[in-house]
2 protein chains.
Amino acid sequence: MTRTIHVVGAGLVGPLMAIYLAKKGFTVELHERRGDMRKNSVDAGRSINLAITSRGWRSLQEVGLKEKVSAISIPMRGRMVHDAQGNTNLQPYGQTDAEVIYAASRSLLNVMLLDAAETYKNLKINFGARCTGYDPDKSLLQFDGKDIPAEVVIAADGAWSPVRKSLMSRIENFNYSQSFLEYGYKELEIPPAADGAFRIEKHALHIWPRKNYMMIALPNTEGSFTCTLFYPNQGKDSFAQLQTPQEVTEFFTRDFPDAVPHMPGMVGDFFGNPTGALVTVKCGPWNLSGKAVLIGDAAHAIVPFFAQGMNSGFEDCAVLNSLIDSTNPDWESVFTRFTALRKPNADAIADMAVENFTEMRDSVTDPVFLLKKKVGFELEKRWPGKFIPRYSMVIFHPDIPYAEAQRRGAIQDKILEKLCAGISAPEQVNWDEAEKLVKQIA
Amino acid sequence: MTRTIHVVGAGLVGPLMAIYLAKKGFTVELHERRGDMRKNSVDAGRSINLAITSRGWRSLQEVGLKEKVSAISIPMRGRMVHDAQGNTNLQPYGQTDAEVIYAASRSLLNVMLLDAAETYKNLKINFGARCTGYDPDKSLLQFDGKDIPAEVVIAADGAWSPVRKSLMSRIENFNYSQSFLEYGYKELEIPPAADGAFRIEKHALHIWPRKNYMMIALPNTEGSFTCTLFYPNQGKDSFAQLQTPQEVTEFFTRDFPDAVPHMPGMVGDFFGNPTGALVTVKCGPWNLSGKAVLIGDAAHAIVPFFAQGMNSGFEDCAVLNSLIDSTNPDWESVFTRFTALRKPNADAIADMAVENFTEMRDSVTDPVFLLKKKVGFELEKRWPGKFIPRYSMVIFHPDIPYAEAQRRGAIQDKILEKLCAGISAPEQVNWDEAEKLVKQIA
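Small disclaimer: the values here were computed from a predicted structure and weren't measured.

Listed per partner, the contact involves 12 residues of chain A and 12 residues of chain B. Carbon and sulfur atoms make up 41% of the surface buried where chain A meets chain B, a total of about 960 Å² over both sides. Its largest share of buried area at the contact with chain B, chain A owes to Asn173, Gln178 and Phe180 of chain A, together 51% of the area lost on that side. Applying the counting criterion to the chain A and chain B interface returns zero salt bridges.

Below, the structure is given as structure tokens:
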């Protein structure tokens, strides 16, 4: 007999997982705390803009949604770096037209996934169902007000997952960490121009890197940009120092002079939107026997600086789906293998995402970093497949697991260090030495 | 007006802190979940034997308890290493008669601290008071059944601290990690001989190192030894494989042949005592303004392999006490400075304690490790104060903070690596090179 699979959380990852399962023929119930976002206005001001990259696309393609989602996404070719004088400089993400990333609206994507989920007769969505935990002894999924029998639970209930809390109290020797950056983030807006046009370059991810902090902006299809300021919580230059409209205006005018004219609602946004936190959550094991498993942010919440939060969650769905080999699998074996396969990769992207904050807010203005970037691209051109820049492995090579990208990236970085020592332009690289070093990569 | 200070937890650290505060003139209430251990039999089978080292002694001396505690403690001069054939070899901890560590019974020490606490008229102990959390808004310390007003709380309520749980839910961006080793521990006993004598060397910490696991034994004043087996939870050689008396007997006979004749109650102990877990807890910030602060295991639970769990907790008390400069201090400033001073040291000893497990179960039989140990002692003799082995810094030099011991230890280890490369005896060291390297230590 095929049992009902309960998926908790209809954010981005939950509906995708539910679709995978429905396609396989399972009876699926998808439970969501909030009401149906398609009938209500959605939460605003707390979600960093999304970038969809190859790992996400691969999963969307597997469930037949790639085309639809493509239609609402905007290719971004690279980082448009804005200096303190307002000069800009595009640093491409990759080397081909295909090596780009795609901006998309979190809420539009969410709606698409819900719509797609509802096309399956064997998939039912319960809105307004706030899960409070899971009782594995009684196989009861607990909700405000009532409990429902649930023998197999897949929890995509977010960074503060109630199901994880239940697992944590039930699994002996459960490892857990929540680690906050000493930074917060604030969303702001660059609206479309009067004629509806994009006020700054549409096909780029804009960065205003300021060493210890930064603002970024991603395009939205209707002509606006969602800006996000990443800024220390405390100290000399910090949110704590920005208490009045005047302080906010002075800070933005000093640090982001070219952006200010495009942000008429800046002060209102600043004080109207909450300051978000940046947390990394690691834990394990992710499963309690064959009864429950964590996926997405519930298993591995990461900071947004590698744009892999949703993408890694979508990849979770693909990996978990690939392990389910029948409509009556041994769930304990499936969940245990999923955890074993996936956990090292989740740890790797969590750490790389934290590192990438430094790259975005600081390194992108460092001549040595830029030289290494150029030399890395050249090495990839000369020895394709052998040398692939770490960023490209993570973003454009879904066949390379995150942990492998991290491992190879560390080796490659040493090579770049060596090749770039004492030179100032890619032309000066000793290519014989380069060949020797690159061929040693294993 | 002097407010009442509430100390939560009358394990080892809580009473010591309470005594420090009472000596300073504060009105102190000490709350303990359990009944008065002096009237009841105490929990057995879950506490690894204690070793008191210089950091602990310093605090005990400050509150006038050093002599009394000395009377119930047994000096241990080094590690008595037992090989698989039952041969033994004493590896001294230090280089002088003073450089020894002291075994003591946790329960006797606890009783002494409670007795000492009760000599202060301004210190009241509430037994059977199970604290469930702290409400900082209402300044209420919560207990099963009733809440009591508490404006200043010092929580020494252990690795699973209920007060910490309250702080975690109230402090924004609270960092927290619980990390388990994949090992458990089991307490066993070597009773006194028929004539009351110690069956094995009294003045040593015994280790049966077996690469991936080990058994240790510490002497008790009445002639017995408390043995602890540290063993993987799962896998080929693991607790999971020891399910029957026969399996247990075969394992001990194979691995600890010289200990087995001294352990008549081995099988009974094995199945009667619980298997303990080995967890490291890190968190921060430790304080919520001037209202509550965490100390001891509540702030930094560590694994027992450097014998610094209690010693670091006792040092917490000394540090916190040193920051309280009046009977009406600015508690927020005191607690914030305490956290800032102490947290890096707590992190350092947590990491060094995990590393030391490898040293105890494996390295102590490695000729290179032993060579480096000898060379380290020789360097200390030749350049005293300049080179101090890391173990000695942690154990015998309370003036060197843990973080500093870790930092200098890393530099020294590189020096030892260099000096010992390609040699097989301390006599072969290049002492001119040694002098150059040691003088560079900063």
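Once that is clear, we can look at unusual backbone geometry. Gly284 of chain A connects to Pro285 of chain A through a cis peptide bond whose omega is 0°. Structurally, the position occupied by Pro285 of chain A is in the loop between strand S17 (276–284) and strand S18 (287–288). Notably, Ser139 of chain B is not glycine yet its phi reads approximately 50°, a positive angle.

With that out of the way, let us pick up the side chain of His6 of chain B. Residue and element names in this part refer to chain B. On the secondary structure map, His6 appears in strand S1 (residues 4–8). Side chain to side chain, His6 and His31 meet in a polar contact 2.9 Å long. Excluding residues that lie within four positions of it along the chain, His6 makes contacts with Glu29, His31, Leu141, Ile148, Pro149, Ala150, Val152, Val153 and Ile154.

Another aspect to go through is the pattern of salt bridges. Residues and elements named next belong to chain B. In total, this model carries 50 salt bridges over all chains according to the counting rule given. We note a salt bridge from Asp237 to Arg254, for which the minimum N-O separation is 3.6 Å. Of this pair, Asp237 sits in the loop between strand S16 (225–232) and helix H6 (245–255) while Arg254 sits in helix H6, placing them 17 residues apart in sequence. Among the residues examined, Asp237 registers a relative accessible area of 25% and is labelled partly exposed. Ionic pairing is found between Lys343 and Asp347, a salt bridge with its closest N-O pair at 3.1 Å. A residue pair is termed a helical-turn pair when its members lie 3 or 4 positions apart in one helix, as Lys343 and Asp347 do in helix H10 (residues 331–361) at four residues.

Turning chain A through 180° and shifting it by 0.0 Å along the axis lays it on chain B, with an RMSD of 0.0 Å. Here the transformation between the copies is reduced to the relation of a two-fold axis. Within chain A, the C-alpha atom positioned nearest to the axis of rotation is that of Ser177 of chain A, 2.0 Å from it. When the interface residues of chain A are mapped onto chain B, 100% of them again lie at the interface, so the same face is used by both copies.

Another aspect to go through is the packing of aromatic side chains. Tallied over the full model, the rule gives 49 aromatic pairs over all chains. For the ring pair Trp331 of chain A and Phe335 of chain A, a centre distance of 5.4 Å and an interplane angle of 45° mean the geometry is tilted. In this pair, Trp331 of chain A and Phe335 of chain A both sit in helix H10 (residues 331–361), four residues apart, roughly one turn of the helix. On the basis of relative accessibility, which here comes to 4%, the residue Trp331 of chain A falls in the buried class. With a relative accessible area of 0%, Phe335 of chain A lands in the buried category. Members of the aromatic cluster, joined through ring pairs, are Tyr213, Tyr231, Phe239, Phe251, Phe252, Phe256, Phe270 and Phe271 of chain A. The ring of Phe270 of chain A carries Lys186 of chain A above its face, with NZ or CZ at 4.8 Å from the centroid. When the ring centre of Tyr391 of chain B is taken as origin, the NZ or CZ atom of Arg79 of chain B, which lies over that ring, is 5.4 Å away.

With that out of the way, let us pick up the sheet that holds strand S11 (residues 147–149) of chain A. Residues and elements named next belong to chain A. Pairing is antiparallel across the open sheet formed by three strands, whose spatial order is S9-S10-S11. Either end of the sheet is taken by a strand with one partner, and the two such strands are strand S9 (131–135) and S11. Across the sheet, the mean angle from the axis of one strand to that of its neighbour is 25°, orientation sign disregarded. Relative to S11, strand S10 (residues 140–143) is paired through three bridges, and the arrangement is antiparallel. Each bridged residue has a counterpart across the sheet, and for Leu140 the counterpart in S11 is Pro149. This element, helix H5 (residues 162–170), spans S9 and S10 of the sheet and lies at about 30° to S9.

Quick look at the environment of Asp330 of chain A now. In this fold, Asp330 of chain A is placed in the loop between helix H9 (309–323) and H10. Between the alpha carbons of Asp330 of chain A and His31 of chain A there is a distance of 23 Å; along the sequence they are 299 residues apart.

Take the nonpolar core next. Counting residues in each nonpolar core, the largest one holds 157 residues, and the members touching the most others are Leu123, Leu141, Ile154 and Leu320 of chain A together with Leu141 and Ile154 of chain B. When residues no more than four places from it in sequence are discounted, the contact partners of Leu141 of chain B are His6, Val8, His31, Cys131, Gly133, Tyr134, Lys146, Asp147, Ile148, Ala150, Val153 and Val163 of chain B.

Right, let's talk about helix H4 (residues 106–118) of chain A for a bit. Residues and elements named next belong to chain A. Compared with the 18 Å implied by 1.5 Å per residue over 13 residues, the 18 Å span of H4 between its first and last C-alpha is a close match. By the burial criterion, the buried members of H4 are Leu109, Asn110, Met112, Leu113, Leu114, Ala116 and Ala117. Taken together, the buried residues of H4 touch helix H1 (13–24), strand S3 (50–52), helix H2 (54–62), helix H3 (66–70), strand S8 (123–126) and H9.

Moving on: the packing of helix H11 (residues 367–382) of chain B against helix H14 (residues 431–440) of chain B. All names here are of chain B. Where H11 meets H14, the closest approach of the two axes is 11 Å, and the angle between their N-to-C directions is 70°. In this view, H11 runs roughly perpendicular relative to H14, as classed from their interaxial angle. Seen from H11, the contacting residues are Glu378, Leu379 and Arg382; seen from H14, they are Trp431, Ala434 and Val438. Among the residues forming the contact of H11 with H14, the class breakdown is four nonpolar, no polar and two charged.

All names here are of chain B. Judged by pairing direction, the sheet is antiparallel, and its three strands sit side by side in the order S9-S10-S11 without closing on themselves. Each of the sheet's edge strands pairs with one partner strand only, and the pair in question is strand S9 (131–135) and strand S11 (147–149). With strand direction ignored, the average angle separating the axes of adjacent strands in the sheet is 20°. Pairing of S9 with strand S10 (residues 140–143) involves four bridges; the strand directions are antiparallel. Each residue of the ladder has a partner; that of Tyr134, found in S10, is Leu141. In the packing of helix H5 (residues 162–170) onto the sheet, contacts are made with S9 and S10, and the angle to S9 comes to roughly 30°.

Turning to empty space enclosed by the protein, a few remarks are in order. All names here are of chain A. Evaluated as defined, the whole model comprises one cavity of 30 Å³ or more. Space inside the largest cavity adds up to approximately 40 Å³. Around the largest cavity sit Ile72, Ile74, Ala103, Ala104, Ser105, Pro219, Asn220 and Thr221, which together line it. In the lining of the largest cavity, the residues fall into five nonpolar, three polar and no charged.

Below, the discussion takes up the domain arrangement of chain A. All names here are of chain A. Segmentation of chain A into domains returns domain 1 (4–71 + 106–178 + 279–355) and domain 2 (366–438). A separation of 34 Å is found between the C-alpha centroids of domain 1 and domain 2. With 17 residues of domain 1 at the interface, the matching set in domain 2 holds 14 residues. Counting each side, the surface lost to burial between domain 1 and domain 2 is near 1300 Å², with a carbon and sulfur contribution of 55%. If you sort the residues of domain 1 by the area they bury against domain 2, Arg55, Phe306 and Met352 come out on top, with a joint share of 44%.

The pLDDT averaged across chain A works out to 95; a share of 98% of its residues lies at or above 70. As scored by the predictor, the complex reaches a pTM of 0.91 and an ipTM of 0.86.

Packed helices, taken two at a time, are described by the angle between their axes plus the distance between the axes. Residues and elements named next belong to chain B. Between helix H1 (residues 13–24) and helix H9 (residues 309–323), the least distance of the axes is 9 Å, while the angle of their chain directions is 20°. Comparing the axis directions of H1 and H9 gives the class roughly parallel. Once H1 is placed against H9, the crossing between them reads as right-handed. In contact with Val13, Leu16, Met17, Tyr20 and Lys24 of H1, H9 contributes Gly313, Phe314, Cys317, Ala318, Leu320 and Asn321. Residue composition of the contact of H1 with H9, grouped by class: eight nonpolar, two polar and one charged.

Rules and cut-offs
Residues numbered from 1 in each chain as written. Chains lettered and ligands numbered in written order. Predicted model: local features only at pLDDT ≥ 70, side-chain atom pairs only at ≥ 80, totals over all residues. Heavy atoms only, no water. Contact = heavy atoms within 4.5 Å. Buried area = accessible area lost by both parts, 1.4 Å probe. Salt bridge = Lys/Arg side-chain N within 4 Å of Asp/Glu carboxyl O. Helix = DSSP H or I, 4+ residues; strand = E, 2+ residues; numbered from the N terminus. Polar contact = N/O pair within 3.5 Å; in protein donor to acceptor, adjacent residues only side chain to side chain. Buried < 20%, exposed > 50% of the residue type's maximum accessible area, 1.4 Å probe, protein only. Least-squares fit on C-alpha atoms with pLDDT ≥ 70 in both. Phe/Tyr/Trp six-rings, centres within 6.5 Å; stacked < 30°, edge-to-face > 60°. Lys NZ or Arg CZ within 6 Å of the ring centre and 35° of its normal. Pairing = 2+ DSSP bridges. Axes fitted to C-alpha atoms, helices over the stretch in contact; angles between N-to-C directions. Core = buried A, V, L, I, M, F, W, Y, C linked by side-chain atoms within 4.5 Å. Expected span 1.5 Å × (residues − 1). Parallel < 35°, antiparallel > 145°, perpendicular 65-115°, else oblique. Nonpolar A, V, L, I, M, F, W, Y, C, P; charged D, E, K, R; others polar. 1 Å grid on protein atoms, 1.4 Å probe; cavity = no way out; pocket = protein on both sides within 12 Å on 5 of 7 lines; lining within 4 Å. Points joined across faces, edges and corners; volume = space filled by probe spheres on them. Domains from an automatic or database assignment. pLDDT = per-residue confidence, 0-100. Left-handed = near helix turned anticlockwise from the far one by under 90°.

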